[in-house]
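# Observations on the model geometry
The lines below spell out each chain.
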Protein chains: 2
Amino acid sequence: MNRHQKEKADEASGQGRPTLKTLAFMTGLGVTTVSRALKDAPEIGAETRRRVQLVAKQIGYRPNRAGVRLRTGKTNVISLVLNTEHEIMSFVSDIIYGVSEVIADTPYHLIVTPYSRSQDPLDPIRYLVETGSADGVIISRTQPNDPRARYMLERGIPFATHGRTDMGLIHPYHDFDNYAFAAEAVRHLAGLGRRRLALLAPPVELTYHGHTLAGFADALSEVGASEIPFNTVSIDHSIEQIRMRTAQLMRRENRPDGFISSAAAATLAIVAGIEDAGLKLGRDVDVVSKQSSELLHLFRSELLVVNENFRLAGAELARSVLGWIGGAAPGTLQSLSEPGEVQAYRRPA
Amino acid sequence: MNRHQKEKADEASGQGRPTLKTLAFMTGLGVTTVSRALKDAPEIGAETRRRVQLVAKQIGYRPNRAGVRLRTGKTNVISLVLNTEHEIMSFVSDIIYGVSEVIADTPYHLIVTPYSRSQDPLDPIRYLVETGSADGVIISRTQPNDPRARYMLERGIPFATHGRTDMGLIHPYHDFDNYAFAAEAVRHLAGLGRRRLALLAPPVELTYHGHTLAGFADALSEVGASEIPFNTVSIDHSIEQIRMRTAQLMRRENRPDGFISSAAAATLAIVAGIEDAGLKLGRDVDVVSKQSSELLHLFRSELLVVNENFRLAGAELARSVLGWIGGAAPGTLQSLSEPGEVQAYRRPA
DNA sequence: GTGACAATCTGTAACGTTTCAGTATATAGC
DNA sequence: GCTATATACTGAAACGTTACAGATTGTCAC
């Protein structure tokens, strides 16, 4: 053993975290061989491969992320880009849990990249792409003509959108079928004899605003009901504003006898507004609302709900991004989640 | 210009992301000098320093994270460790936003490290420490004798806990003063003439269970009220279970005339249970509840609430970890958030 | 004019990984 | 017994950064 080899041995047997060098020393092989053996390269003998993998498992070898990243550019990171002001409540945690679930047994880490209202939504995306900080990106609050999706498509970085775009460009997405939700809600209300319906929609700039409106309009004409315009507020407005507007609306001559709400928090405000006007839920007016956790029926048992599963959305989004990274065609990584039935409250046994 | 230098120039002028080499070529300096100039090292001439920094800003140089991490071991990552099953609702998003806010203008990234109920809570921590994946860690669901805190203290990795421990060991934390919350709640209920109080507490294993119970007990004897035991459920139980237990309790002879609830979601269940038993909030019984978003008063206007700000908690926790990483003494990075007054509902104007 | 010293800058090596371009050995063809 | 070829392995270089150990000036004391 010459001086050079001795040095190597000394270093490799050090008690730090094991590296390829450690493994190479322990197995008596070269680093290259060890590296290739660990990734099942065909030009490594079957026995050597097993031997290396056994030792690696025994001493708990884990590839150094920085080393891999520096050499290959692969970050093993998925970034979830979130708006710090709009994305309220359980949405976010459910999506995060959904994503986590899927990447749990992959080498991927989840990083959360926030941006605030004051910023250009493109800023965080640019940062991620320019610094090569992630292998894949998940965005929400998707717009029909979304500059973020366009930008990432141009740069060829894998991503998935929560919600669809409408630019004639193909990319992975997961969406809830808000057209079906709105249409079903209208039909259900019509079935209860409601004829004058108001819709509290998502903010105009988001794609699913259009979907929701379309489903609402189509079903209205289908059942022969009419719309009471309620577009001075959206689910992005404050509780106070929605409540006030609802109360105003309900005090008018031609008030709605049915509401459809695209978000649970907003529904609380709508109900408050209805009651401010001295009216009663279930008697004077019915409300169908989306919800992401089963809490609205505790709030008012008369509420009619449709569930939207954000945890599932997170999982689907993660699967899509990983799929794209793995080389699948973006067009095959699109999914739409159908709403269940409109649920009336059932008393627990 | 010899062959060697020419190569360097060719590479450096390449259109990829700028590196120290690019800067070195542009300024005519050595990489070492550039590196040191960028971090304001004293042995670099003032003018050179300014020049390098100017060029760096102009071409949008950003240090390569993998390079830094490989060389120095510094990850520039803070990990937020979350339980995927317990941590429900807005808690998580608020904490994330709070953390994000603080690390926004630092080089730090936030990674979310999840673990599920089935796992040992120590698992994710071990993973982070062994793989050196983060410079700092934030944990929640803190226990009086918390193996995670002990483990990280032993390894010397900076962390902060959401909630305190009780092991005689010093580490940064942020906590809500649940002793004060429970005590104030009792006093408020006593002020309303309530005498038989029930407490829906946090799960026993968590530190703030003890704090809450202590505040409850101390204030009970202070005001001369009595406890109606309600410890078959905690805020970790399902809505259905809490509801059922509450209804059972309220049908008993010696039922409580006041409730204190440590979580908003659980409060919905308590109220449902009360109403299941045919009793009325505000008349037969009063409920004081913690909430993290201003929604409970919409649910039932008779509810009495105390706000807990999780966004603030997230921000404080991030500040603590960064402080520790920056070399501050752990003992100086502890904070306790005092609850505000118990709020009764005020009708909006 | 020489030596000492400070000020300013530089090359080399190393962190852990993968890729490139090999080398050594065994097997087969003839 | 020779070349060709496949099999199994290997060292060196590179990714971008920082730390170490110099190197080159210029200034000053004497």
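Just above sits the structure.
Residues numbered from 1 in each chain as written. Chains lettered and ligands numbered in written order. Predicted model: local features only at pLDDT ≥ 70, side-chain atom pairs only at ≥ 80, totals over all residues. Heavy atoms only, no water.

## Considerations on the protein's contact with DNA strand D
Near DNA strand D there are 23 residues, and of these Gly30 and Thr33 of chain A together with Lys39, Tyr61 and Arg71 of chain B occur at the shortest range. Sugar and phosphate atoms constitute 59% of the interface atoms of DNA strand D, taking the interface as everything within 4 Å of the protein. Between a phosphate oxygen of DNA strand D and a main-chain N or O atom of Gly45 of chain A, the distance comes to 2.9 Å. In the model, a phosphate oxygen of DNA strand D is placed 2.7 Å from a nitrogen or oxygen of the Ser35 of chain B side chain. Contributions of two or more residues to the surface near DNA strand D are made by helix 3 (31–38) and helix 5 (65–72) of chain A together with helix 3 (31–38) and helix 5 (65–72) of chain B. By residue number, the principal contributor to the surface near DNA strand D is helix 5 of chain B, which donates 4 residues. Along the lines of polarity and charge, the residues of the surface near DNA strand D split into 7 nonpolar, 12 polar and 4 charged. (Near = heavy atom within 4 Å. Polar contact = N/O pair within 3.5 Å; in protein donor to acceptor, adjacent residues only side chain to side chain. Helix = DSSP H or I, 4+ residues; strand = E, 2+ residues; numbered from the N terminus. Nonpolar A, V, L, I, M, F, W, Y, C, P; charged D, E, K, R; others polar.)

## Regarding the pattern of salt bridges
Taken as a whole and assessed by the stated rule, the structure comprises 40 salt bridges over all chains. Taking the shortest distance from any N to any O, the salt bridge between Glu308 of chain A and Lys290 of chain A comes out at 2.8 Å. Within this pair, whereas Glu308 of chain A is found in the loop between strand 10 (304–307) and helix 14 (310–325), its partner Lys290 of chain A is found in strand 9 (residues 286–291), the two being separated by 18 residues in sequence. Glu308 of chain A sits in the buried class, given a relative accessible area of 10%. Measuring nitrogen to oxygen at the nearest pair gives 2.8 Å for the salt bridge that ties Asp146 of chain B to Arg148 of chain B. Across the pair, exposure class does not vary: Asp146 of chain B and Arg148 of chain B are buried alike. A network of salt bridges, in which partner residues are shared, links Asp120, Asp123 and Arg126 of chain A. (Salt bridge = Lys/Arg side-chain N within 4 Å of Asp/Glu carboxyl O. Buried < 20%, exposed > 50% of the residue type's maximum accessible area, 1.4 Å probe, protein only.)

## Focus: the relation of the copies chain A and chain B
Mapping between the two copies of the chain is achieved by a rotation about an axis and a shift along the axis. When chain A is fitted to chain B, the residual RMSD is 0.0 Å, and the transformation amounts to a turn of 180 degrees plus an axial shift of 0.0 Å. Taken together, the rotation and translation describe the operation of a two-fold axis. An overlap of 100% is found between the interface residues of chain A and their copies at the interface of chain B, pointing to a shared contact surface. (Least-squares fit on C-alpha atoms with pLDDT ≥ 70 in both. Contact = heavy atoms within 4.5 Å.)

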